[in-house]
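Fold and contact review
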Amino acid sequence: MFHGNLTLEIASGLKVLRDRIAAAQVPSSKLDETLNIATWNIREFGKVRRSEAAIHYIAEIIGQFDLVSLTELRDDLGDLGRVLKILGPYWRVIYSDMIPDPGGNRERLAFVYDHRAVTFTGLAASVNPPRKKTGSEYVPEFTWWRMPYMASFSAGNFDFVVIVAHIRWGDKQADRLPEIRSLAEWVDLKRQQNTAEDKDILVMGDFNIPSRKGALFEAMTSKGLSIPKALQKLEFGSDLAKGKRYDQILHYPTYPDNFTNLGGVLDFYQGDSEPLFPGLTKTKFTYQLSDHLPLWMQMNTDID
């Protein structure tokens, strides 16, 4: 990572941020043995140009991991390019197209990864729902406001597919239920395909599920997806107040040895935005960094 020449204010902020990162106790990954993955909703990333400080902070946070799924990446990729420049030449990105209507919110979904640790293996696509023939046309059985996005990767001996989603907010929680339920059904159907790229599937992103109780979470886990043990013991959420479980990392527990007991939330906020952005209100702070904290876990990749 190369931050280059910094102002005293940004350098001071980076020092505070690094202390907060250290408090999260994200372990170093080991090449071909472990992989640090995360999912992060970076609020409206690309809608309005971020400050120079925010770009350095975002790069520093992403750089703690090997593979990060991003939600709320907008159509303008200029700020993402600024972040990648700081991360350095080993970092890559795979992203979806944006959807211009109000439901799509001009958002993309993306994977940012260090290709020294993890290799992209060819699959990158929006999720295609099953279709039924109606008259002379094939019509999707269900759909989403923002199509989930998937890509295939390999690290060590572990080949896997990651699906990232950003479920609609809606006027009420019940509006989210059809999207969540249909995503769980689609992933289950994908695993059953004889020609599926891989049956090791991770599902992550912002599901707008406020807690691990109730109809929304039950729908997401209705087809066998579960929270890795490392995150089951997590006592708080990934919003700034740590009260909500909007962001999730889920998997099928067929091979529990793929997952270490390490995972958590990286709290870059710690209840005080002043050291990072002096004079900025909390609301404005969320548009510089985010109103979500990265959710992370470590995977074993030295497996048969």
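Treat the numbers as computed from the prediction; the structure is a model and nothing was measured.

1. Side note on the overall build of the chain
Looking only at helices and strands, the chain features seven helices and 13 strands. The C-alpha radius of gyration of the chain comes to 19 Å, within 12% of the 19 Å expected for a compact globule of 304 residues. Relative to its full complement of 304 residues, the chain shows a buried share of 54%. Taking all contacts inside the chain whose residues are at least 6 apart in sequence as the whole, residues at least 24 apart take part in 75%. Total accessible area computed for the chain in this model is approximately 13900 Å², and 48% of it derives from carbon and sulfur atoms. Within the chain, one finds 36 positive and 39 negative side-chain charges whose respective centroids are separated by 3 Å.

2. Describing the sheet that holds strand S2 (residues 67–74)
In space, the six strands of this open sheet follow the order S3-S4-S2-S1-S13-S12, with mixed pairing throughout. At either end of the open sheet lies a strand with only one pairing partner, and these are strand S3 (91–95) and strand S12 (259–265). Each neighbouring strand pair of the sheet contributes to a mean axis angle of 20 degrees, computed without reference to strand direction. Summarising the sheet, strand S1 (residues 34–45) and strand S13 (residues 295–300) pair through six bridges and their orientation is antiparallel.

3. Comments concerning the packing of helix H2 (residues 52–62) against helix H3 (residues 78–87)
At their nearest, the axes of H2 and H3 sit 9 Å apart, and the two run at 60 degrees to each other. Our classification of the angle between H2 and H3 gives oblique. Crossing handedness for the pair H2 and H3: right-handed. Facing H2, whose interface residues are Glu52, Ile55, His56, Ile58, Ala59 and Ile62, H3 presents Asp79, Arg82, Val83, Ile86 and Leu87. Its residues placed into classes, the contact of H2 with H3 shows seven nonpolar, one polar and three charged.

4. A closer look at H3
With seven of its ten residues buried, H3 lies for the most part within the structure. Buried within H3 are the following residues: Asp79, Leu80, Arg82, Val83, Leu84, Ile86 and Leu87. The secondary structure elements touched by the buried residues of H3 are S1, H2, S2, S3 and strand S4 (107–114). Residue Gly88 follows H3 closely and has a positive phi angle near 110 degrees.

5. Brief notes about the pattern of salt bridges
The tally for this structure, following the rule as stated, stands at eleven salt bridges. A salt bridge links Arg18 to Glu60; the shortest N-O distance between them is 3.0 Å. Placement of the pair is Arg18 in helix H1 (residues 8–23) and Glu60 in helix H2, with a sequence separation of 42 residues. Overall, the relative accessible area of 6% leaves Glu60 in the buried class. Residue Asp75 pairs with Arg106 through a salt bridge whose shortest N-O separation is 3.0 Å. Taken together, the positions of Asp75 in the loop between S2 and H3 and Arg106 in the loop between S3 and S4 put the pair 31 residues apart, joining distant regions of the chain. Its relative accessible area of 27% is what places Asp75 among the partly exposed residues.

Cut-offs used in this document
- Here the residue index of a chain counts from 1 through its sequence in written order.
- With the structure being a predicted model, the display of local features is reserved for residues of pLDDT at least 70 and the display and counting of side-chain atom pairs for 80 or more, all residues being used for whole-chain, interface and lining totals.
- Note that water and hydrogens are dropped before the side-chain values are worked out from all heavy atoms of the structure.
- In this description a helix means any DSSP run of H or I spanning at least four residues, a strand means any run of E spanning at least two, and both kinds are numbered starting from the N terminus.
- Note that the radius of gyration is over C-alpha atoms, with the globule rule given as 2.2 Å times the number of residues to the power 0.38.
- Think of it in three bands: with a 1.4 Å probe and only protein chains considered, a residue is buried below 20% of the maximum accessible area for its type, exposed above 50%, and partly exposed in between.
- Note on definitions: a residue-residue contact is assigned when non-hydrogen atoms from the two residues lie within 4.5 Å.
- All accessibility values rest on the Shrake-Rupley procedure with a 1.4 Å probe; residue burial counts only the protein chains present in the view.
- Charged-residue counts in this description rest on Lys and Arg as positive and Asp and Glu as negative, His and the chain ends being excluded.
- By convention, the charge on Lys lies at NZ, on Arg at CZ, on Asp at CG and on Glu at CD.
- The pairing criterion for strands is at least two bridges between them, as found by DSSP.
- Only the contacting stretch of a helix is used when fitting its axis, a line to C-alpha atoms as for every element, and angles between N-to-C directions run 0 to 180 degrees.
- Should an angle fall under 35 degrees it is taken as roughly parallel, and over 145 as roughly antiparallel, whereas 65 to 115 is taken as roughly perpendicular and any remaining angle as oblique.
- A clockwise turn of the near helix away from the far one marks a right-handed crossing, whereas an anticlockwise turn of less than a right angle marks a left-handed crossing.
- Residues are sorted three ways: Asp, Glu, Lys and Arg are charged, Ala, Val, Leu, Ile, Met, Phe, Trp, Tyr, Cys and Pro are nonpolar, and all the rest, Gly among them, are polar.
- The term salt bridge refers to a side-chain nitrogen of Lys or Arg lying within 4 Å of a carboxyl oxygen of Asp or Glu.

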